[in-house]
Amino acid sequence: MNGIELGTLPAPCDPALLATLCEAEPATIGHFHDHGFLHRRIRAVAGTRRTAGVAVTVRCEGNDGSILHHALGQLRAGDFLVVDRAGDDVVACLGGASALAAQLRGAAGVVVDGCVTDIDELRQIGLPVWACGLSARTTRSSGAVGTFCRPVQCGGVQVSAGDLVLADENGILVMSPHEARGLAERAIEMQRAEQSTLDRLRAGESYPAILGTALRGEEVPA
């Protein structure tokens, strides 16, 4: 890609919905929902509490980190910065100063499909950050290329500005605004029901008996 493309910030999300999302575990949603989960190569590296926010998308290519700097100046409370590195897995685009800038703007978190740096600072700052790895090489500021609040690819998932992001140490889920509440409420119900399962396990019942698991088909000789 050549040049800069600037979209507009998405509408903020109702804080009550974000709070509801944070009650749901991505792994619980994964019991009944299959799409929108970012690839497992993207892992929590700092501030590993569960968090949810509105996707603000950036495509930051190669050594040019200027579009990310622009995004850091636009973030609002409850935004979740989603960074597409266009396949680069060598150069870090986010470090201590940029993470602090995001935190001070009220960002819910940052996910980078690529490398970050300054891991000690990131951990001290405490902003939830997910990335593929670490690098000592970092971006420059040429201001020549990148997109802001346009659809991006992150962890194998297309993410649009305004999507909702739910993330914890187990993984990251991107949802459209219209499906997020339903997914979260179903997961929360399952999490509450699971407490009964745990109580029955502690009382001595077997796991397959509790779940009603039955194997079908003929037994295959060993």
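This section reports on the structure supplied with the text. (Residues numbered from 1 in each chain as written. Predicted model: local features only at pLDDT ≥ 70, side-chain atom pairs only at ≥ 80, totals over all residues. Heavy atoms only, no water.)

## Focus: the side chain of Thr51
Among the structural elements, Thr51 can be located in strand β3 (residues 51-59). Within polar-contact distance, the side chain of Thr51 engages the backbone oxygen of Ala108 at 2.9 Å. Residues contacting Thr51, with those up to four places away along its chain left out, are Cys22, Phe80, Ala108, Pro128, Trp130, Val165, Leu166 and Ala167. (Helix = DSSP H or I, 4+ residues; strand = E, 2+ residues; numbered from the N terminus. Polar contact = N/O pair within 3.5 Å; in protein donor to acceptor, adjacent residues only side chain to side chain. Contact = heavy atoms within 4.5 Å.)

## Quick notes on unusual backbone geometry
Residue Asp118 is not a glycine yet carries a positive backbone phi of 60°. Relative to the assigned elements, Asp118 resides in the loop between β7 (115-116) and α5 (119-125). A positive phi is found at Cys149, a non-glycine position, where the angle reads about 55°. Topologically, Cys149 is positioned in the loop between β10 (145-148) and β11 (152-154). Assessed through its relative accessible area of 8%, Cys149 is described here as buried. (Buried < 20%, exposed > 50% of the residue type's maximum accessible area, 1.4 Å probe, protein only.)

## Points about the pattern of salt bridges
Enumeration according to the criterion identifies 10 salt bridges in this entry. Across the salt bridge formed by Glu5 and Arg150, the nearest N and O atoms sit 3.9 Å from each other. Of this pair, Glu5 sits in strand β1 (residues 3-6) while Arg150 sits in the loop between β10 and β11, and the two are 145 residues apart along the sequence. Accessibility expressed as a relative area gives 36% for Glu5, which makes it partly exposed. A network of salt bridges, in which partner residues are shared, links Glu25, Arg50 and Asp168. (Salt bridge = Lys/Arg side-chain N within 4 Å of Asp/Glu carboxyl O.)

## Digging into a nonpolar patch on the surface
There is a patch of nonpolar side chains on the surface, built from Leu201, Tyr207 and Leu211 and spanning about 290 Å² of accessible area. Residue placement: Leu201 occurs in helix α6 (residues 177-202). Using a relative accessible area of 33% as the deciding quantity, one classes Leu201 as partly exposed. (Patch = residues over 30% accessible without salt bridge, like charges linked within 9 Å, V, L, I, M, F, W, Y side chains within 5 Å. Areas by Shrake-Rupley, 256 points an atom, 1.4 Å probe, with all protein chains shown as cover.)

## Observations regarding the environment of Gly36
Relative to the helices and strands, Gly36 resides in the loop between α2 (26-29) and β2 (43-46). We classify Gly36 as buried; its relative accessible area is 13%. For the pair Gly36 and Val165, spaced 129 residues apart in sequence, the C-alpha to C-alpha distance is 9.4 Å. Residues contacting Gly36, with those up to four places away along its chain left out, are Val157, Ile172, Leu173 and Val174.

## Digging into helix α1 (residues 15-23)
Within the span of α1, buried status applies to Leu17, Leu18, Thr20 and Leu21. Along α1, the residues classed as buried sweep out an arc of 160° about the axis, all on the same side. You can read the cap of α1 off the contacts: a side-chain oxygen lies 3.0 Å from the backbone nitrogen of Ala16, and it is on Asp14. (Arc of directions from axis to C-beta.)

## Topic: the sheet that holds strand β9 (residues 133-134)
The 3 strands lie next to each other as β5-β7-β9, forming an open sheet whose pairing is parallel. Only two strands of the sheet have a single partner each, and these edge strands are β5 (92-94) and β9. Pairing of β5 with β7, which is carried by 2 bridges, proceeds in the parallel orientation. Across the sheet, residue Ala92 finds its bridge partner in β7, namely Cys115. (Pairing = 2+ DSSP bridges.)

In short, shape yes, function no, at least from these values alone.
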